[in-house]
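Here is what each chain is made of, one letter per residue.
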Amino acid sequence: MDGNGRWADLRGHSRWVGHRIGCRAVREVVDAAPRLGIGTLTLFAFSADNWRRPARETAALMRLFHSYLTEDLGTATERGVRLTVIGQRGRLPAPVQQAIAGVERATRGGRNLHLRLAVSYSARDAIVEAARQGARSRPQFEQALAAGEPGAAQVDLLIRTGGEQRLSDFLLWECAYAELHFSPVLWPDFTAAHLEQAVDDFRGRERRFGGLLEDVPCA
Ligand code: IPE
Ligand code: MG
């Protein structure tokens, strides 16, 4: 979810306003995901490298996560959304850690959408940590990467907003065969219609996973 700061700059607001309006886009996208056939949605909310930003911005973002987790808990349970968090949660302020634990517990039964928030997340760190846990098989390793959640291992579609065309340490292992969709739209302007466009585009892609299409005749 990229482009909050630029969105605010363009309007003469502080970056904080961009993050706050970006939260509205999160709500719209989470709402739309199940009807577009999305089973798991992972939102990159804050990278481990984002700690390099000024303390006032990281503190504001932490407050925003906290209010998102507490304010949206009711809606999440009502809509059958299971919310889990990946990333270095030990680095998060204690109230945010407590809110995460509460939301994960309360939404455990959600079946309509698995919403994963990546907070203080680094794919390289997650890979090193999963290896350190001594996983002996690939399924064990992938489960460790998914913070103990089976079934969230492979990414089908990766959408990056805000015009940048890079992965920025996001789900590097899981994106081995992800279809990439780069959108110039700044995150606060990203709507359900943009998500639908990305999913339609994805449906038109030919996915071969290194093999051949069944209907391609042998030369
Ligand atoms: C949101 O966009 C990503 C977060 C870390 C919350 P940015 O804050 O990176 O916005 P830009 O790239 O400066 O526009
Ligand atoms: Mg950015």
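You'll find the structure just up there.
All of the points below concern the structure found in this document. (Residues numbered from 1 in each chain as written. Chains lettered and ligands numbered in written order. Predicted model: local features only at pLDDT ≥ 70, side-chain atom pairs only at ≥ 80, totals over all residues. Heavy atoms only, no water.)

Now for the pattern of salt bridges. Counted according to the given criterion, the structure contains 19 salt bridges. The closest approach of N and O atoms between R160 and D2, which form a salt bridge, is 2.9 Å. Highlighted residues: R160 in strand β4 (residues 157-160) and D2 in the segment before α1 (4-10), separated in sequence by 158 residues. Residue E164 is joined to R6 by a salt bridge in which the shortest nitrogen-to-oxygen separation is 4.0 Å. Residue E164 is found in the loop between β4 and β5 (179-182), and its partner R6 is found in helix α1; the two are separated by 158 residues along the sequence. (Salt bridge = Lys/Arg side-chain N within 4 Å of Asp/Glu carboxyl O. Helix = DSSP H or I, 4+ residues; strand = E, 2+ residues; numbered from the N terminus.)

The full set of residues close to ligand 1 is M1, D2, G3, N4, G5, R6, R15, H19, A45, N50, R53 and L61. For ligand 1, an oxygen atom lies 3.2 Å from a polar atom in the backbone of G3. One of the side-chain N or O atoms of R53 is found 2.7 Å from an oxygen atom in ligand 1. Protein coverage of the free-state accessible area of ligand 1, which is 380 Å², stands at 87%. Looking at the shell around ligand 1, the elements with two or more residues in it are α1 and α2 (15-32). No other element matches α1, which puts three residues into the shell around ligand 1. (Near = heavy atom within 4 Å. Polar contact = N/O pair within 3.5 Å; in protein donor to acceptor, adjacent residues only side chain to side chain. Areas by Shrake-Rupley, 256 points an atom, 1.4 Å probe, with all protein chains shown as cover.)

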